[in-house]
Amino acid sequence: MRAALHEGPSDCDNGMGTVLTVVNNEFFTIETCNDTRTYTEFTYCHGVKEGDKAVFDGRLQDCEFVSFTVLNNGAQCAVWCP
């Protein structure tokens, strides 16, 4: 009898990231799946802090702009994609 190969769940979720740096509430460096990108504000963003977990509301691949929500306080931010 052969054991079936089982692929476990991925630890990577492209829709979730960690805020690494925030500069003047204008520039946000966010890491998603070991991919680090700097996003520029599209609309005013406040309440976003380093270390926050952010959930993106759209696709990060080939986007012009995207919004994200901070999990711990519900802050929302729209940013230009790099």
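Heads up: these notes are all about the structure in this document. All values derive from a computational prediction rather than experimental measurement.

### Considerations on the state of the cysteines
- All chains considered together, the criterion is met by 2 disulfides.
- A sulfur-sulfur separation of 1.7 Å characterises the disulfide bridge that pairs Cys45 with Cys77. Its S-S torsion of approximately 65° makes the covalent link between Cys45 and Cys77 right-handed. With a gap of 32 residues between them, Cys45 in the loop between strand 3 (35-41) and strand 4 (53-56) and Cys77 in strand 6 (residues 76-80) connect regions that are remote in the sequence.

### Structural notes on the nonpolar core
- With 17 residues, the main nonpolar core has Phe28, Ile30, Phe56, Val66, Phe68 and Val79 as its most contacted residues.
- If you list the elements that add at least two residues to this core, you get strand 2 (27-32), strand 4, strand 5 (65-70) and strand 6.
- When residues of this core are assigned to their parent elements, the largest contribution, 3 residues, is made by strand 5.
- What Ile30 contacts, discounting residues up to four positions off in sequence, is Gly17, Thr18, Val19, Leu20, Asp35, Thr36, Arg37, Tyr39, Phe56 and Phe68.

### Quick notes on the sheet that holds strand 1 (residues 16-23)
- Spatial ordering of the closed barrel is given by 1-2-3-6-5-4, a layout of 6 strands whose pairing is antiparallel. Ignoring which end each strand starts from, the neighbouring axes of this sheet average 45° apart.
- Relative to strand 6, strand 3 runs antiparallel, the two being bridged by 2 bridges. Across the sheet, residue Thr40 finds its bridge partner in strand 6, namely Trp80.

### Things to note about the environment of Ala75
- In this structure, Ala75 sits in the loop between strand 5 and strand 6.
- With a relative accessible area of 12%, Ala75 lands in the buried category.
- Expressed as a C-alpha distance, the spacing of Ala75 and Ala54, which sit 21 residues apart in the sequence, is 9.3 Å.

Cut-offs used in this document
In this numbering scheme, every chain counts its residues from 1 along its sequence in written order. Note on the predicted model: pLDDT of at least 70 is required for a residue's local features to be given, and 80 or more for side-chain atom pairs to be given and counted; whole-chain, interface and lining totals, by contrast, use all residues. As a rule here, side-chain values come from all non-hydrogen atoms in the structure, and water together with hydrogens is ignored. We call a pair of cysteine sulfur atoms a disulfide whenever their separation is within 2.5 Å. The helix and strand labels rest on DSSP assignments: H or I over at least four residues marks a helix, E over at least two residues marks a strand, and numbering proceeds from the N terminus. Put simply, a nonpolar core is a bunch of buried Ala, Val, Leu, Ile, Met, Phe, Trp, Tyr and Cys residues held in one set by side-chain atoms that sit within 4.5 Å of each other. Using a 1.4 Å probe on the protein chains alone, a residue whose accessible area is under 20% of its type maximum counts as buried, one over 50% counts as exposed, and one in between counts as partly exposed. The contact criterion used is simple: two residues touch if any of their non-hydrogen atoms lie within 4.5 Å. The criterion for strand pairing is that DSSP finds at least two bridges linking the strands in question. Comment: axis = line fitted to C-alpha atoms, over the contacting stretch for helices; angle = value between 0 and 180 degrees taken between N-to-C directions.

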